[in-house]
Each structure stands twice: as C-alpha cells, then as structure tokens.
Amino acid sequence: MIEDFLGHFGPYGGRFVPEALINALDELTAAHESAKNDPVFQSELSELHRTYTGRPSIITEVKRFAEHAGGARIFLKREDLNHTGSHKINNVLGQALLTKRMGKKRIIAETGAGQHGVASATAAALMGLECVVYMGEDDTKRQSLNVARMKLLGAQVVPVTQGSRTLKDAINEAMRDWVTNVETTHYLLGTVAGPHPFPTMVRDFHRVIGVEARAQMLQDIGRLPDAVLACVGGGSNAIGIFHPFIDDKNVRLIGLEAGGSGIASGKHASTISGGTPGVLHGTRTYVLQDENGQTVESHSISAGLDYPGVGPEHAYLHDIGRAEYRSITDAEAMNAFKILCETEGIIPAIETAHALAGAMDIGKELGKDAVLLLNLSGRGDKDVQTAAEYFGIPL
Amino acid sequence: MKTLSELFVKTKAENRAALIGYMPAGFPTKEECIMTIKAMVAGGVDAIEIGYPYSDPVMDGPIIQAAAELSLANGTNAEDVFDILQATVEMGVPAVVMTYWNPIERFGVKEFAAEIIKRGGSGVITPDLTVEESIGWKEACEISGINRIYVVAPSTTDERLPKVVTQCSGFVYAASLMGVTGTRTSVSGNAKSLVARVKAITATPVSVGLGVSTKEQAAEVAQYADGVIVGSAFIKQLQESSSIGEGLAKVENLAKELSAGVRR
Ligand SMILES: Cc1ncc(COP(=O)(O)O)c(C=O)c1O
C-alpha cells in the first residue's frame, strides 16, 4: 500500500473538489473501507463475478500474433470475454453494490468509448437503480452502437455539448450533476482518476485482473512474465493488472498511452509521456495543459483513451521508475488491431490495440525467450464502424 | 477603501450587507470587462470578484461556462486577469480573484499570491482547493499578506466546518445551495442555517453566493449575511443584450437594484 489516508501517491492524488462534495467522498471512503473488510460484501461481489461477469477470465497464448512481435511468448488476459465486453464491469459491479450499501438509488456515470456507460447501465438494470450516463457529443457519434445499448438497458444518455465534447467534458457534466444531487446519487466514476477515494477504490475493484493473471501464469507456465502490458486511458485496466505485480521487482510494468498523430504533432492523449504535473478533475496528476493551466484537448482514434489526465498512481509509478509509459500512434494501434484480427480471430477494442502495438515493439526488444502478459481490456464490436472506415471497408 | 476588512467595517457601521459582484476576466473582451466592472461599481457594487476563466469549470452552470469559454477563445491569460484586477482596484473597491486551483499551481503558488498583492488585490477565492491540500497556499498567502477565502456548503458537517472556517480571512464564502452557479427563482432555505452555523464559530464576515439574482433575494440574504454575492445575473445582462452599450446600462441598473436590496 503506497497511498496515504488522504489518497496521496507521493505528490499526486488527493482531493481538489468543491466543499459540497467532501461529505459524500468521506462517506464513500468509509463505505469502501468497511466493504473491503466485510466478508459478506466480498463474497457477494465474487459470486456476482462468477455467475454474472464470467470470472475468472481466461488466459490465451497468441502464437501467430507473436510472430509479429519478435517471437516472444505473448499471453492475453481476456477481459474482453467479460459480460458487457470489457474490464469496466469489475469496477461497476463493485461500486453498484456500494451504492446500495450507502442507501442511494441513482447512479450517474461518464463514458468515452461507451464501455463504462454500458457496464453502468447493465449494473443499474441488474440492481434496480436509476442510471444517467453523460457522454461527449463527439463520442456519441463515433460510438453510436454503445449509445443504443445503454438506451436498451434503460439508461438515460445525455450528450454533452460543452468544450471538446469528449470524455473530459462528460466528467465535468457528471460532476455538476453530482454536486447538485449528491444526497440521492452516487457518481460511478469509470477509471482510477478523480478525487480520493476513486483512484484507490477503482483500483481495488480491478485488482482481480492481476491477481487472477499472476496465479494463471504460475500455473500455466510456472513463471511470472518478464513484462506486463496494458493500454492507459485513465489507467484502470492497467492498474488492475499491474498492482499485484508491483512487488515482483523483475516484472516490468509497461503502460501504453494513445499517441494520436504523434506527440510531436501536439495531437495526442499521451498524458504521462507528453504532459506535466497539474490538477484535473479533483486529483493532482500528469495533465495535458498549456502555460496558463488550461487543459489542452487530447486526440486519439480511440474514444476510451481520449483523455488529457491519468490516474495519480500511474503518475507516481512513473516518477519512481516502477512502471514505464510509452506512446502508440493511431496508425500503430490500427496496424496491431488488424494483425490480431487476422492472426488470432480476436477483434480487440481500439483502446486495447494500443497495448498490442506496444507488445509488438517490446517483444522485438526482448527477443524470443521473453514472456509478455497483456491485458486484453475489451472487445472490438463497438469499434467495427470506426475500423471499417479506417480500412476502407464499405458498410 | 481597498481591503475587504475595511469594507465590512463600513457596511456594518451602515447596518447593511456588502454587495459583491463577480465577473469573469476577459468577458466579453478585456476592455469591455473593465467597462462592465466600472458599471457595476457605479451602480453600487462594493467589491469585485474577478473570475479566472478555466477550461474545466465543474462548479459553474451554463451562464458562467459560456462566458468563460468566450473569454478563453479571446485568449485571456494570467496577465490579463491581473491587469483587470489592478484596473478594478484603481476604481477604489476591494477586489479578489476567484479561480480553480490548477491555474495557480501552474503560475507558481508563491508567485501567484505575490502578484495579487503587487496589483493591489485583497485575496483569492479557491472553490476547489480543500484545506487538506492548502499547506503551500497558506504559506504563500501569509508571506504576501492576502486573504484566503474558502467556500463552505450546506453539506459541510459540523465536525468539518471549523476546520475550513478558521482558515478563511476576509470573508467566508457560504454556498447557498448544493449545486452549480446560476440564477435561481428563490434562495435556498439552507443558506440561512449555514450562515448561522458559520457565525457560531467565527467573527469573520460571511457572504452568501450561488443563485442570488434579484433585489428581493439580495434583501432576504442581507437579513442574515454580511455579504451578498451576485455573478451569473450580471453576466446574463451582457449575454442578453444586442450591444455593449445596452449591456452596460442593464448591468448598472441591476447593480442599483441589488444595492438597494442589501440596504435592508
Ligand atoms: C476496452 C477499453 N480499454 C481501455 C479503456 C481505457 O480506460 P482505462 O485506462 O481506465 O482502462 C477503455 C475505456 O473506455 C475501454 O473501453
């Protein structure tokens, strides 16, 4: 445990929020702490994961893909096979149970790719909660399939027309709703960003990914991987698989950020590789910002990575050198996307394709004897339209 | 009269509340912003809060969001904010900057406080800075001798309230309701009890903001608070006018009405 009781990771994290939210954040912190140590809550959650999410998720070795990655052995942790199609459900079910525990009846969520929105709408349907999802207007267009899914599940989807009309503006609008309705409403934040306790709590709900994967690697091949890879938007799927390996000093932890058209072009979402420390959405972390402290718009082909901030624990792991962060361009990600489709019969989310592109580089760097474990955070059904347009496949 | 404490001594002697007006720096333009503040002061506004326009204003409703967006599109930067602060002080009223935290951190915490005092400002309102994250800021404000103003909310617990209130100087900003900035048809009943709770702990003046937009509302709040803060209602006058001249006249008129309101 490296965070202090106010949710700091070294100089990062903490709480930068209106006073109106402090009471709710304290309440949430207390609920999370007590649930963490409550065997009844924990068994309810793991039973839901076993019978609803489909946990444990399997590990798949991808030999044909590995030929494009220097011949290293590559194992995918198949979070794409979870109910609703991504890792997001792990956190959502945990927070939805906490919502009920706190006696609240309404959840609000932000979403970029729509995966977190779909997962939230799903949990709300399952548990009889009212659900409102804020989504940047641009994202409602590039992820229209997921908008329809949320509506089918009974959620209200609110397109956000302010600012850059993407994930960051959806978070702003969700925060405004929360300040206004905090007594009845839980803000089900979808990543490891935001004020304390979100970075810690969301991580705790995703640790199951790494805990399972570590045991599966030991069982399947009798050793730990040389490197663990994941794409980084806000950083939830990455911290989920990294965290149980932090004490395994010989295991490299490598996060792949969205490079858009390349960091040099200024059109990217590589917050750690191309940003500076600052405060955004209630936490101190790396931020894409200008010299006046204004947030700079991020750019990525992937809606789920298109965010100018990142979880504070990643900022800390970067600074202390425990984890490495690299940038993958749109073109590199789409290349890896296509290769995985054609070599393994798995269509990944475009977010996840950034991690796959990273694996192709790192596999080549480490050579044939290396073992890589990669978090396959989501499936690509939602991205079929974007990918078809990208590759010129008529629809 | 250049400081907040002088202002509250005066308004107390006059047996009334102070009228505090908010205007985002650089809205609609830098010059027109200064002209607007002049109209506010001419109409009887006692002190000015200059908003530092920010890209992610999570505590603001549509009116201030739109104003900040326009100001940022005009290229407003820290220098402009300080220039407008100085111009306001030169009009003879106390002025503070109200800003989200990140622009301060980016500018340099000590440097920001130093620039405030250099330009004649009284202090800074920091609506998203918690007292827990304030160690460096406290030191910076003490060095520069400026007021640190935090916002308290109806949801702030009795246990927490003293921790925040004792850190405030100049005045305590009491948010009248749970929500974002904007005009409302009535002032929340929560405001009165919050002010009473604050007054039970401190002698520092208490000003009420969020949702106050009419003379009647100002008069109601002036019954129990030391200051009445109005922002969105002034901005709306400009947004709903077809020329700057019309807007300035409406702003001055609104200031006159509110100013009559705070004189109970
Ligand atoms: C499949 C998938 N992977 C990754 C992400 C990025 O989020 P995070 O970095 O929090 O895992 C998203 C976000 O929408 C996603 O849908």
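Scroll up for the structure.
If you're wondering where the values come from, they're calculated on a predicted model, not measured in any experiment.

Notes on the overall build of chain A
Counting secondary structure elements, chain A contains 15 helices and 14 strands. Taken over C-alpha atoms, the radius of gyration comes to 19 Å for chain A, in line with the 21 Å a tight globule of 395 residues would show. For the C-alpha atoms alone, the extent of chain A along its principal axes is close to 55 × 45 × 40 Å. Within chain A, residue pairs in contact and separated by at least 24 positions form 75% of the contacts whose partners lie at least 6 positions apart. Taken as a whole, chain A presents about 13200 Å² of accessible surface, with 52% of it coming from carbon and sulfur.

Points about the site of the ligand
All names here are of chain A. Taken together, 19 residues are adjacent to the ligand, and Thr191, Gly233, Gly235, Ser236 and Ser377 come closest. For the ligand, the protein covers 97% of the area, taking 390 Å² as the surface of the free molecule. Put simply, the parts of the chain that give the shell around the ligand at least two residues each are strand S9 (227-232), helix H10 (236-242) and helix H14 (350-366). Residues of the shell around the ligand, tallied by class, amount to five nonpolar, 12 polar and two charged.

Overview of the sheet that holds strand S8 (residues 185-187) of chain A
Whether parallel or antiparallel, the strands of a sheet pair through hydrogen bonds between backbone atoms. All names here are of chain A. The strand order across the open sheet formed by four strands is S7-S6-S5-S8, and the pairing between neighbours is parallel. Because the sheet does not close on itself, it has two edges, and the strands there are strand S7 (156-160) and S8. When the angles between neighbouring strand axes are averaged without regard to direction, this sheet yields 25°. Where strand S6 (residues 130-136) and S7 come together, five bridges link them in parallel fashion. Paired with Tyr134 across the two strands is Val158, which belongs to S7. Along the sheet face, helix H5 (residues 115-127) touches strand S5 (106-111) and S6 and points at about 165° away from the line of S5. Lying on the sheet, helix H8 (residues 167-181) is in contact with S5, S6, S7 and S8; it crosses S5 at an angle near 160°.

Focus on the interface of chain A and chain B
Each partner contributes to the interface: chain A provides 34 residues, whereas chain B provides 36 residues. Counting the surface chain A buries against chain B, the share from its top three residues, Glu19(A), Arg176(A) and Gln294(A), is 24%. Taken together, the connections running from chain A to chain B amount to three salt bridges. Across the pair Asp56(B) and Lys168(A) runs a salt bridge whose closest N-O atoms are separated by 2.9 Å.

A few points about helix H1 (residues 4-13) of chain B
Residues and elements named next belong to chain B. Those residues of H1 that fall on the buried side of the exposure criterion are Leu4, Leu7, Phe8 and Thr11. Projected down its long axis, H1 shows its buried positions confined to an angular sector of 95°, all on one face. In H1, the exposed positions angled more than 90 degrees off the buried face are occupied by Val9 and Ala13. Once H1 finishes, Asn15 follows within two positions and takes phi at roughly 55°, a positive value.

Concerning the packing of aromatic side chains
Residues and elements named next belong to chain A. Enumeration according to the criterion identifies 12 aromatic pairs over all chains in this entry. A centroid spacing of 5.1 Å and a plane angle of 80° characterise the contact between Tyr390 and Phe391, whose relative ring orientation is edge-to-face. Accessibility expressed as a relative area gives 40% for Tyr390, which makes it partly exposed. You can call Phe391 partly exposed: its relative accessible area is 28%. The cationic tip of Lys338 hangs over the ring face of Phe391; the distance from NZ or CZ to the ring centre is 5.6 Å.

What about unusual backbone geometry?
The linkage connecting His196(A) with the following residue, Pro197(A), adopts the cis geometry, with an omega of 15°. Structurally, Pro197(A) can be placed in the loop between S8 and helix H9 (198-221). Here the bond from Phe27(B) into Pro28(B) is cis, since omega is -10°, no more than 30 degrees from zero. Along the chain, the position of Pro28(B) falls in the loop between strand S1 (18-24) and helix H2 (30-42). Phi angles above zero are rare outside glycine, and Thr84(A) is one such case at about 75°. Tracing the sequence through the fold places Thr84(A) in the loop between strand S4 (73-78) and helix H4 (88-101). Positive phi, normally seen in glycine, also occurs at Leu210(B), with a value near 85°. Within the secondary structure layout, Leu210(B) lies in the loop between strand S8 (206-209) and helix H10 (215-222). Given the relative accessible area of 14%, Leu210(B) is considered buried.

Re the pattern of salt bridges
Side chains bearing opposite charge may pair, as long as their charged atoms lie close to each other. Across all of its chains, the model carries 44 salt bridges over all chains by this definition. A salt bridge links Glu324(A) to Arg252(A); its shortest N-O distance comes to 2.8 Å. Here Arg252(A) lies in strand S10 (residues 252-260) and Glu324(A) lies in strand S13 (residues 323-329), a separation of 72 residues in the sequence. Judged by its relative accessible area of 25%, Glu324(A) falls in the partly exposed class. Residue Lys382(A) pairs with Asp383(A) through a salt bridge whose shortest N-O separation is 2.7 Å. Asp383(A) carries the same exposure label as Lys382(A), and that label is buried. Here the salt bridges share partners, and the residues they tie into one network are Lys30(B), Glu79(B), Asp80(B), Asp83(B), Glu115(B), Lys118(B) and Arg119(B).

Cut-offs used in this document
Residues numbered from 1 in each chain as written. Chains lettered and ligands numbered in written order. Predicted model: local features only at pLDDT ≥ 70, side-chain atom pairs only at ≥ 80, totals over all residues. Heavy atoms only, no water. Helix = DSSP H or I, 4+ residues; strand = E, 2+ residues; numbered from the N terminus. Rg over C-alpha atoms; globule rule 2.2 N^0.38 Å. Contact = heavy atoms within 4.5 Å. Areas by Shrake-Rupley, 256 points an atom, 1.4 Å probe, with all protein chains shown as cover. Near = heavy atom within 4 Å. Nonpolar A, V, L, I, M, F, W, Y, C, P; charged D, E, K, R; others polar. Pairing = 2+ DSSP bridges. Axes fitted to C-alpha atoms, helices over the stretch in contact; angles between N-to-C directions. Buried area = accessible area lost by both parts, 1.4 Å probe. Salt bridge = Lys/Arg side-chain N within 4 Å of Asp/Glu carboxyl O. Buried < 20%, exposed > 50% of the residue type's maximum accessible area, 1.4 Å probe, protein only. Arc of directions from axis to C-beta. Phe/Tyr/Trp six-rings, centres within 6.5 Å; stacked < 30°, edge-to-face > 60°. Lys NZ or Arg CZ within 6 Å of the ring centre and 35° of its normal.

All quantities given are derived from atomic positions and should not be read as evidence of function.
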